[in-house]
2 protein chains.
Amino acid sequence: VRATVLEATLDELVERGYGEMTVQGIADRAGVNKTSLYRRWRGKGGLLAEALRAMSMPATEPPDTGSLRRDLLVLWQTAPRSRTPRDVTRAVAVSQALAAASVDPIVAEAHALLWRRRLELISVVVDRAVQRGEVPAGADPELLMDLLFGPFHTRVIARGRPANVEFLIQVMEAALHAIGASPEPGGSAHRAPRRTRRT
Amino acid sequence: VRATVLEATLDELVERGYGEMTVQGIADRAGVNKTSLYRRWRGKGGLLAEALRAMSMPATEPPDTGSLRRDLLVLWQTAPRSRTPRDVTRAVAVSQALAAASVDPIVAEAHALLWRRRLELISVVVDRAVQRGEVPAGADPELLMDLLFGPFHTRVIARGRPANVEFLIQVMEAALHAIGASPEPGGSAHRAPRRTRRT
C-alpha cells in the first residue's frame, strides 16, 4: 500500500503541481481512503517528504560486500532508472515538480535529509574501504558523492538524455579515481558488470 | 545596460517567481523604460531566455591556449561563482526559480540551447586536444561535460554547499581522467592554478 500511495503522490505532483495537488487526488489515484492518508502523513507535504525518503538510498544497513565498487553498485540499484526516453521524461518531470514543491519547508527538509542520508551511507562504505586499504586514509566521501550523483543530474535532468550502464561505470571510475582508488583489478573498469541492470 | 537589465531580470524572478514577475518590475529595478524592454525582448520570457544565454559559456570563440586544462579553466571563469554562503543562496534561488520558469517554452528552449552551446564549445577544445595528442581519439565531450558540470550542481544547488577552487580542480582532474587525459605535467593536479579565481 505504501509504495502505491507514494507513486500516486508523485503522479499527482507531476500532473497538477504542488499548489494544485490534493490529498483527495492522491487517495483517488491510490484507491485508498483520504482520512487514512491524513492520519499517517498529515497532508500533501508529509506525503511528498515520505516519497523523497523512499527515493533516497535504502534505509537499511549500508552494503558490505568487501569491495567499494560493489558496495556503490548495490547502493546505486536503489536509484530510479533513467535508461529510456520515457524514464527520462518522468525523471525530469518529478525533479522539476519537487524543486517547485521545496517552497514547503517540510519538503525542503526532506530534500536535505535525503542528501544527509546518502552521505552517511557513502561515508560508511568509504571508511570500510580505507580500512581494507582500497583507498587512502582521508578519502573524501563528499567528493565521491558529488562526483557520483552530479553527472546523472546533468545528463538526465538538465539535458534530458538517457543514462546507460556504460555511463554509470565511467562516472563511478572517475569518482573513484578522484578519491585515490586504484583501477579495478583485471582492468575491466570500462566494461559493464552484470549486476547493474538499473541505472 | 544589457548586463544591468539581465541582473534585474534574475532579481525580479528570484523575489517574485515567474508567475508574478513583470516587465514593469524589471524596468523599475534596472531604471530603464518598459517600452524599450518589450521592443528588444518581447516580454519576461524573452528576458529570461536572454539571461540564460548570458549565463552560458561565452558567445565568442572557444579558447585556444594550447592546453585542454587551461582551455577548460578559461571556459569555467565565465560561470557564476559559488564560493561564499551568499553566492550559494543566490545560485540555489536562481536555479529553483529558473526550473519553475521552464513551464514557458521560451525559457525551456533557452535552457536547452545553453547546454547545446556548452557542448559545442567543449567539443571544439576536446577536438584540438585530440589533435595535439593530449587525449586519445574518440574522447567523449558529452562525458567530459556531464562530469564537469554535474558535481557543481550536486554540491551547490542540491546540497547548498560552497564550491572552492580545490573542488574545481578535483572535479576537472576526475573528468579529464575519464576521457583518457594523462595527469598534468609536473603532477600539480591538485594544486590550484592562479587563474581560477572564479569558481
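In this numbering scheme, every chain counts its residues from 1 along its sequence in written order. Chain letters start at A and ligand numbers start at 1, both assigned in the order the entries are written. Residues qualify for local features only when their pLDDT is at least 70, as the model is predicted, and side-chain atom pairs are given and counted only at 80 or more; totals for whole chains, interfaces and linings, by contrast, use all residues. To get the side-chain values, all heavy atoms of the structure are used, and hydrogens and water are removed first.

### Remarks on the relation of the copies chain A and chain B
What counts, and what does not: The fit set for superposing copies consists of C-alpha atoms from residues with pLDDT of at least 70 in both; the fit itself is least squares.
Mapping chain A onto chain B calls for a rotation angle of 180 degrees and an axial translation of 0.0 Å; the resulting RMSD is 0.0 Å. These values place the two chain copies in the arrangement generated by a two-fold rotation axis. In terms of C-alpha distance to the rotation axis, chain A has A:Gly150 as its closest residue, with the C-alpha 1.9 Å off the axis.

### As for the pattern of salt bridges
Let me state the cut-off plainly: Think of a salt bridge as a Lys or Arg side-chain nitrogen and an Asp or Glu carboxyl oxygen that are within 4 Å of each other. Labels follow the DSSP assignment, with helices taken as runs of H or I lasting at least four residues and strands as runs of E lasting at least two, numbered in each case from the N terminus. The buried label goes to any residue with under 20% of its type's maximum accessible area, the exposed label to any with over 50%, and the partly exposed label to all in between, with areas taken from a 1.4 Å probe on protein chains only.
Across all of its chains, the model carries 30 salt bridges over all chains by this definition. Put simply, B:Asp64 and B:Arg128 hold a salt bridge, and the shortest N to O gap is 3.8 Å. Within this pair, whereas B:Asp64 is found in the loop between helix H4 (44-55) and helix H5 (68-76), its partner B:Arg128 is found in helix H7 (residues 105-132), the two being separated by 64 residues in sequence. Relative accessible area serves as the criterion here: at 23%, B:Arg128 is assigned to the partly exposed category. When salt bridges with common partners are traced through the structure, they connect A:Glu12, A:Glu15, A:Arg16 and A:Arg29 into a single cluster.

### Regarding the interface of chain A and chain B
The cut-off we apply is this: Pairs of residues are marked as contacts when any of their non-hydrogen atoms sit within 4.5 Å. Accessible surface is computed with a 1.4 Å probe, and the buried area is the amount of it that two parts give up when combined, taken over both parts together. Pairs of N or O atoms within 3.5 Å make up the polar contacts considered here, provided that, within protein, one atom can donate a hydrogen while the other can accept it, and that residues adjacent in sequence are counted only when both atoms are side-chain atoms. Three categories are distinguished: nonpolar for Ala, Val, Leu, Ile, Met, Phe, Trp, Tyr, Cys and Pro, charged for Asp, Glu, Lys and Arg, and polar for the others, with Gly belonging to the last.
Taken residue by residue, the interface counts 24 residues in chain A and 24 residues in chain B. Between chain A and chain B, the buried area comes to about 2200 Å², and carbon and sulfur atoms account for 63% of it. Across the chain A-chain B interface, the total number found is 9 residue pairs in polar contact (both at pLDDT 80 or more). If you list the elements that add at least two residues to the side of chain A that touches chain B, you get helix H7 (105-132), helix H8 (141-158) and helix H9 (165-178) of chain A. Considering only residue class, the side of chain A that touches chain B consists of 12 nonpolar, 7 polar and 5 charged.

### Brief notes about the confidence of the model for chain A
Residue and element names in this part refer to chain A. Basically, it comes down to this: For every residue, the pLDDT score states the predictor's confidence, bounded by 0 at the bottom and 100 at the top.
Here chain A averages 88 in pLDDT, while 90% of its residues score no lower than 70. When mean pLDDT is compared element by element in chain A, helix H2 (residues 23-30) scores highest at 97, while helix H6 (residues 85-101) scores lowest at 87. This model gives residues 188-199 a pLDDT under 50, and the stretch forms 31 contacts once residues within four places in sequence are excluded.

### Topic: the environment of A:His111
All names here are of chain A. Relative to the helices and strands, His111 is located in helix H7. With relative accessibility at 23%, the residue His111 sits in the partly exposed group. Residues within four places of His111 in sequence aside, it is in contact with Leu52, Leu98 and Ser102.

### Focus: the packing of aromatic side chains
Rule in force here: Stacked, tilted and edge-to-face are the three classes applied to pairs of Phe, Tyr and Trp rings, where Trp contributes its six-membered ring and a pair requires centres within 6.5 Å; stacked means planes under 30 degrees apart, edge-to-face means over 60, and tilted covers the rest. We call a charge positioned over a ring when the NZ of a Lys or the CZ of an Arg lies within 6 Å of the ring centre and within 35 degrees of the ring normal.
For the structure on display, the rule yields 8 aromatic pairs over all chains. Plain terms: the ring middles of A:Trp115 and A:Phe149 are 5.3 Å apart, the flat faces sit at 80 degrees to each other, and that makes the pair edge-to-face. Of the two residues, A:Trp115 sits in helix H7 while A:Phe149 sits in helix H8, which places them 34 residues apart along the sequence. Each member of the pair, A:Trp115 as well as A:Phe149, carries the same accessibility label: buried. One aromatic cluster is present, formed by A:Trp76, A:Trp115, A:Phe149, A:Phe152 and A:Phe167 through successive ring pairs. Over the aromatic face of A:Tyr18 sits the side chain of A:Lys44, whose NZ or CZ is 4.8 Å from the ring centroid. Stacked on the ring of B:Trp115, the Lys or Arg B:Arg118 has its end atom at 4.7 Å from the ring centre.

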